[in-house]
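# Structural description and commentary
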Amino acid sequence: TDQTHIRNFCIIAHIDHGKSTLADRLLEFTGTVSKRELMEQTLDQMELEREKGITIKAQAVRMRYTALNGEEYELNLIDTPGHVDFTYEVSRSLAACEGALLVIDATQGVEAQTLANLYLAVEADLNIIPVINKIDLPSADPERVKQEVEEVVGLPKEECILASAKEGTGTQDILEAIIKHIPPPKGYVNRPLRALVFDSHYDAYKGVIAYVRVVDGKLRQGERVTMMATSSVTEILEAGYFHPRLVSDGALTTGEVGYIATGFKNVKDCRVGDTVTVPGAIGEIEALAGYKPAKPMVFAGIYPVEGNDYPLLRDALDRLQLNDASLVYQPETSNALGFGFRCGFLGLLHMEIIQERLEREYNLAILATAPSVEYYVTRTNGETEIVDNPSAMPSFGEIEKIEEPFMDISIFTPSRYIGAIMELVTTRRGIFKEMKYIEAERVLLNYAMPLAELIVDFYDQLKSRTQGYASLDYSLAGYQDSDLVKLDILVNGVAVDALSLIVHREKAYYQGRALVEKLRSLIPRQLFEVPIQAAIGARVIARETVKAMRKDVLAKCYGGDITRKRKLLEKQKEGKKRMKMVGNVEIPQEAFMAVLSLE
Ligand code: GTP
């Protein structure tokens with residue numbers, strides 16, 4: 001297709017405002033997929049994605065649409081991930097488009113991720129079409145939301161399209177607006193190839209499949225290409241587009257969006273944000289802007305429950321990484337947990353996804369330690385190092401200063417919850433920056449807050465204190481000095497490295513107390529008394545005791561029937577799966593995550 005008849009766009013929205021549902025309507029209206037096929041869910045393919053109800057991987061679908069002016073257009077819809085963990089992926093997907101549909105729920109209005117995504121879209125120079133969705137709902141208030149679009153988003157309210165993705169209202173208006181208001185691509189057909197990789201995944205048969213937007217030139221099956229950031233070279237095994245399944249038609253031309261099968265065995269060779277070109281053009285052309293290797297923000301230890309499973313865990317991580325270049329890991333040992341891996345994730349959701357995949361797809365029983373952030377530590381001798389594991393923190397006599405990552409966070413909320421939010425944020429060392437009234441009853445709050453406080457249950461707390469009404473978005477602001485100390489936990493007199501925490505000095509006493517109390521309730525009774533202590537350096541600041549077990553658990557059953565006894569044994573075995581012997585004490589998985597639920 002020639003460029004004037006191509007439109008590349010994406011849909012951006014706050015979670016649950018109806019992005020996927022609207023995408024389904026567009027696919028259906030253009031005859032790209034039938035209703036029945038849609039039932040099998042086309043855009044969200046991973047099982048986990050469907051269950052969590054969120055989009056993790058960007059995808060692209062090509063549609064053919066005959067407009068009211070009688071001409072046929074090629075529309076490429078690029079689906080963007082909807083979670084802040086994946087902001088970089090979102091920004092690359094946006095860079096592959098000329099326009100965006102900004103979907104806003106008519107019953108909710110503008111939310112934190114509406115604006116966060118909008119800013120990214122504006123940065124990427126996209127034309128924005130505001131769509132007010134869910135107008136079928138009785139509580140919809142499209143007039144109020146239009147007003148917000150004008151005041152908060154800064155687009156004329158006349159441009160809003162009213163839609164119900166559920167009932168199909170407004171679908172054609174949206175397609176017409178795409179043709180009219182989103183400009184066609186403006187690449188150079190006769191220049192050497194430049195294509196942007198905006199996503200990639202590993203396929204066991206075809207190797208890494210890269211999702212690309214051709215910016216200049218064209219590419220063909222059988223051609224040799226090179227990746228500018230990684231310098232890897234390969235031959236295009238297959239080229240085509242998504243309809244929504246792969247359709248191989250051998251070539252992609254200027255302005256088009258589609259895929260290439262690269263034959264690479266690892267997504268690391270073909271990173272999101274990289275530029276595909278032909279080897280002959282290197283030196284002649286400039287790479288497309290914005291390439292940035294993914295940077296992990298949240299770290300945790302992952303250990304097999306059974307030490308024998310260590311090689312299986314390594315294989316599983318290797319394989320997950322083939323498909324996820326943002327997952328990083330390296331071997332680590334813990335005196336408590338044995339051999340395992342220190343893993344780095346983009347955020348908490350990413351961490352949860354990896355843990356679930358290890359368990360479900362690889363059938364591994366794993367133990368994860370509480371998440372940590374990356375600290376910049378300067379020693380008294382002037383040397384600096386990066387520490388992402390509390391147990392690796394140097395002893396405090398040797399430390400000059402510790403810097404920790406701070407986030408800019410923005411919270412949208414009905415104004416009646418301001419007090420509750422202020423209180424929560426203050427206990428999390430948040431620093432108030434700004435409050436803006438969006439309308440009479442809704443405000444936007446801005447704070448600076450340490451990432452370490454954000455990853456410990458902050459989102460759930462925010463939701464529960466605002467009955468689910470507040471929405472949250474955040475981005476890295478930079479590193480700041482903080483007065484931090486290491487809190488060690490001793491179980492039966494032995495320091496359990498996997499339970500160590502870095503906390504603010506002022507909160508250390510309170511957190512130590514709360515943590516040993518929690519651990520007392522989580523560590524099952526043993527045959528002997530088990531003291532649990534919290535300490536800063538050599539100073540114990542809190543202590544609790546798990547009392548000794550009174551009788552053999554089975555004693556109760558003697559004389560009882562045999563099935564009951566077997567059940568009890570099986571139950572114990574189940575429980576054991578997630579237990580780890582530390583010294584001579586059994587510690588359950590929950591204990592390592594106890595810090596996540598201290599409030
Ligand atoms: P994420 O993928 O999590 O970002 O969500 P999303 O924005 O893709 O939202 P999704 O399309 O999954 O819709 C969220 C919920 O709203 C679903 O239960 C939809 O059925 C519902 N929904 C979407 N559009 C409409 C609409 O126009 N009217 C009504 N009544 N419900 C809708």
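Rules and cut-offs
- Sequence positions are assigned chain by chain, starting from 1 and proceeding in written order.
- Side-chain atom pairs in this predicted model are given and counted only at pLDDT of 80 or more, local residue features only at pLDDT of at least 70, and totals for whole chains, interfaces and linings cover all residues.
- Hydrogens are left out, water is left out, and the side-chain values use all remaining heavy atoms of the structure.
- UniProt positions are given in the numbering used here, feature names are shortened, and annotations may be inferred rather than shown by experiment.
- Per the convention used, a helix needs a DSSP run of H or I reaching at least four residues, while a strand needs a run of E reaching at least two, with both numbered from the N terminus.
- Radius of gyration here uses only the C-alpha atoms, and the compact-globule reference equals 2.2 Å multiplied by the residue count raised to the power 0.38.
- For each residue, the accessible area found with a 1.4 Å probe, counting protein chains only, is set against the maximum for its type, and the residue is called buried under 20%, exposed over 50%, and partly exposed in between.
- In this analysis, two residues are considered to be in contact whenever any of their non-hydrogen atoms come within 4.5 Å of each other.
- All accessible areas in this document rest on Shrake-Rupley with a 1.4 Å probe, and a residue is counted as covered only by the protein chains that are shown.
- Here the positive residues are Lys and Arg and the negative ones are Asp and Glu; neither His nor the chain ends is included.
- Each charge is placed at NZ for Lys, CZ for Arg, CG for Asp and CD for Glu.
- When a carboxyl oxygen of Asp or Glu is within 4 Å of a side-chain nitrogen of Lys or Arg, the pair counts as a salt bridge.
- Nine residue types can take part in a nonpolar core, namely buried Ala, Val, Leu, Ile, Met, Phe, Trp, Tyr and Cys, and a core is a set of them joined through side-chain atoms within 4.5 Å.
- A pair of strands is labelled paired if DSSP reports no fewer than 2 bridges between them.
- Under the convention used throughout, the expected extent of a helix is 1.5 Å for every residue step, that is, one less than its residue count.

In the nomenclature of an unreviewed UniProt entry, the protein is known as Elongation factor 4 of Ktedonosporobacter rubrisoli. What UniProt states about the protein under its Subcellular location (unreviewed entry) heading is, verbatim, "Cell membrane". Under the Catalytic activity (unreviewed entry) heading, UniProt states for the protein: "GTP + H2O = GDP + phosphate + H(+)".

A word on the overall build of the protein. When helices and strands are counted, the protein shows 15 helices and 33 strands. The C-alpha atoms of the protein give 27 Å as radius of gyration, which agrees with the globular expectation for 599 residues (25 Å, within 12%). Each of the three principal axes of the protein carries a C-alpha extent, and together these read 85 × 65 × 60 Å. Here the protein, with 599 residues, has 56% of them falling under the buried criterion. If you take every contact in the protein between residues at least 6 apart in sequence, the share linking residues at least 24 apart comes to 70%. If you sum the accessible surface of the protein, you get close to 26,300 Å²; carbon and sulfur atoms cover 50% of it. With 69 positive and 86 negative side-chain charges, the protein shows a spacing of 6 Å between the two charge centroids.

Looking now at the pattern of salt bridges. Enumeration over the complete set of coordinates arrives at 33 salt bridges. Residue Glu148 pairs with Arg442 through a salt bridge whose shortest N-O separation is 3.5 Å. Of this pair, Glu148 sits in helix α6 (residues 142–153) while Arg442 is found in strand β25 (residues 442–450), placing the two residues 294 residues apart along the sequence. Overall, the relative accessible area of 2% leaves Glu148 in the buried class. Several salt bridges converge on common partners, so that one network encompasses Arg62, Arg64, Glu72, Glu74 and Glu256.

A word on the environment of Glu439. Relative to the assigned elements, Glu439 resides in strand β24 (residues 431–439). Glu439 gets classed as partly exposed once you look at its relative accessible area, which sits at 23%. Separated by 110 residues in sequence, Glu439 and Tyr329 place their C-alpha atoms 46 Å apart. Setting aside anything within four residues of it in sequence, one finds Glu439 in contact with Arg144 and Glu148.

Take the nonpolar core next. Note that soluble globular proteins tend to have their nonpolar side chains buried in a common cluster. Ranked by size, the top nonpolar core spans 50 residues in total, and within it Leu358, Tyr375, Ile409, Ile411, Ile421 and Phe458 carry the most contacts. Residues contacting Ile411, with those up to four places away along its chain left out, are Ile421, Val425, Val443, Leu444, Leu445, Tyr447, Phe458, Leu462, Ala470, Ser471 and Leu472. Listed in part, the 39 residues of the second largest apolar core include Ile78, Leu120, Ala140 and Phe198.

Before going further, it helps to examine the side chain of Thr466. If you trace the backbone, Thr466 turns up in the loop between α12 (458–465) and β26 (471–482). Since its relative accessible area comes to 0%, Thr466 is described here as buried. Excluding its chain neighbours within four sequence positions, the residues that come into contact with Thr466 are Thr413, Tyr417 and Ile421.

Read from one edge of the open sheet, 6 strands run β2-β3-β1-β4-β5-β6, paired in mixed fashion. Every interior strand has two partners, whereas the edge strands, β2 (59–66) and β6 (161–162), have only one. Direction of pairing for strand β4 (residues 99–105) relative to strand β5 (residues 127–133): parallel, over a ladder of 7 bridges. Following the sheet pairing, Ala100 is matched in β5 by Ile128.

Glancing now at helix α8 (residues 310–322). For α8, which comprises 13 residues, the first-to-last C-alpha distance of 19 Å matches the rise-based estimate of 18 Å (1.5 Å per residue) to within 8%. Among all positions in α8, only Tyr310, Leu313, Ala316, Leu317, Leu320, Gln321 and Leu322 are buried. Buried residues along α8 sit against β7 (194–203), β17 (298–304), β18 (328–334), β19 (338–345), α9 (348–360) and β20 (366–368).

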